[in-house]
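Overview (structure and organization)
Each chain, letter by letter, is given below.
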Amino acid sequence: MDPLGFALENFDAIGKWRSVSGADDTPVDAAGVLPDGTTFQGPTELRKILLGRRELFVRNVTEKLLTYALGRGTEYYDAPAIREISRGAARNDYRWSSIILGIVRSMPFQMRRSPES
């Protein structure tokens, strides 16, 4: 299962907070364990963990956004661009706009090709 998803279990399908789930009113279990063994209970604790690992979080978000922007998975040769975008975001206090602009200005994005018809 997705450990990050467990932290968000208190939110229903439209984003409304809930403390019980289902027709039987069982309490929501928002506890989770990350792959490295770090445990958390709910979104507040997960947020603290992610803020403590900002560089890793931003690198992962950058990679996922670049995958979407390119319309393909990232490859080993995209790693320098991902690192540069992440470093640029760090220099700009991890602003969302800095990540987006970094992706748009990156070599992989600038050199992408459209699928041939």
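Everything discussed here concerns the structure shown above.
What you are looking at is a predicted structure, and each value in this text was computed from that prediction instead of being measured. Residue numbers restart at each chain and count upward from 1, following the sequence in its written direction. With the structure being a predicted model, the display of local features is reserved for residues of pLDDT at least 70 and the display and counting of side-chain atom pairs for 80 or more, all residues being used for whole-chain, interface and lining totals. Water and hydrogen atoms were dropped before computing side-chain values, which therefore reflect all heavy atoms in the structure.

Points about the packing of aromatic side chains
- Working definition: a ring pair exists when centres of Phe, Tyr or Trp rings (six-membered ring for Trp) sit within 6.5 Å. Plane angles under 30 degrees give stacked, over 60 give edge-to-face, the rest tilted. Inspection of every chain in the model, using the stated rule, returns two aromatic pairs.
- Ring centres of F11 and W17 lie 5.1 Å apart, and the angle between their planes is 85 degrees; on these two criteria the pair is classed as edge-to-face.
- Ring geometry for Y76 and Y77: centres 5.1 Å apart, planes at 75 degrees, overall edge-to-face.
- Only protein chains enter the accessibility calculation, which uses a 1.4 Å probe; a residue whose area is less than 20% of its type maximum is buried, one above 50% is exposed, and one in between is partly exposed. By relative accessible area, Y77 is classed as partly exposed at 48%.
- Throughout this description, the term charge over a ring refers to an Arg CZ or Lys NZ atom that lies within 6 Å of the ring centre and within 35 degrees of the ring normal. In this structure, R112 packs its charged tip against the face of F109, placed 3.8 Å from the ring centre.

Re the pattern of salt bridges
- What counts as a salt bridge is simple: a side-chain nitrogen of Lys or Arg found within 4 Å of a carboxyl oxygen of Asp or Glu. With the rule as written, the count across this model stands at four salt bridges.
- Measuring nitrogen to oxygen at the nearest pair gives 3.4 Å for the salt bridge that ties R18 to E9.
- Residue classification places R18 among the partly exposed residues on the basis of a relative accessible area of 23%.
- By relative accessible area, which is 31% here, E9 ends up partly exposed.
- For E84, the salt bridge is made with R91, and the minimal N-O distance between the two is 3.1 Å.
- We classify E84 as partly exposed; its relative accessible area is 40%.

Describing the environment of G32
- Within the secondary structure, G32 is located in strand 3 (residues 31–33).
- Classification of G32 by relative accessible area gives buried; the value is 8%.
- Along the sequence, G32 and L8 sit 24 residues apart, while their C-alpha atoms lie 10.0 Å from each other.
- Beyond its immediate chain neighbours, meaning those up to four positions away, G32 contacts F6, T38, T39 and F40. Here a strand is any run of E in DSSP of at least two residues, a helix any run of H or I of at least four, and the numbering for each starts at the N terminus. By definition, residues are in contact when any of their heavy atoms lie within 4.5 Å.

Some remarks on the nonpolar core
- Side-chain atoms within 4.5 Å are what join buried Ala, Val, Leu, Ile, Met, Phe, Trp, Tyr and Cys residues into a set we call a nonpolar core. Formed by V58, L66, L70, I82, I85, A89, I99, I103 and F109, the largest nonpolar core amounts to nine residues.
- Listed by contribution, the elements that provide at least two residues to this core are helix 3 (54–70), helix 4 (79–91) and helix 5 (96–105).
- Membership of the second largest hydrophobic core comes to five residues, among which are A7, F40, L46 and I49.

Observations concerning a nonpolar patch on the surface
- A cluster of nonpolar side chains, L8, F11 and W17, forms an exposed patch at the surface whose accessible area comes to about 310 Å².
- Relative to the assigned elements, W17 resides in the loop between helix 1 (3–7) and strand 1 (20–21). Each patch is built from residues that are more than 30% exposed by relative accessible area and take part in no salt bridge. Like charges join if they lie within 9 Å; nonpolar side chains (Val, Leu, Ile, Met, Phe, Trp, Tyr) join within 5 Å. For accessible areas, the Shrake-Rupley method is used with a probe of radius 1.4 Å. Any residue's cover is judged against the shown protein chains and nothing else.

Structural notes on the packing of helix 3 against helix 5
- For every element, the axis is a line fit to its C-alpha atoms; helices are fit only across the contacting stretch, and the angle between N-to-C directions ranges from 0 to 180 degrees. At a minimum axis separation of 10 Å, helix 3 and helix 5 run at an interaxial angle of 45 degrees. Accordingly, the angle class assigned to the pair helix 3 and helix 5 is oblique. The crossing of helix 3 and helix 5 is right-handed. Residue-level contacts link V58, V61, T62, L65, L66 and A69 of helix 3 to W96, I99, I100 and I103 of helix 5.
- Each residue belonging to the contact of helix 3 with helix 5 can be placed in one class, and the counts come to nine nonpolar, one polar and no charged. Geometric relationships in this document are graded by angle, where less than 35 degrees denotes roughly parallel, more than 145 denotes roughly antiparallel, 65 to 115 denotes roughly perpendicular, and other angles denote oblique. By definition, any crossing whose near helix is turned counterclockwise from its far helix by less than a right angle is left-handed, and any crossing with a clockwise turn is right-handed. Nonpolar residues are Ala, Val, Leu, Ile, Met, Phe, Trp, Tyr, Cys and Pro. Charged residues are Asp, Glu, Lys and Arg, and all others, Gly as well, are polar.

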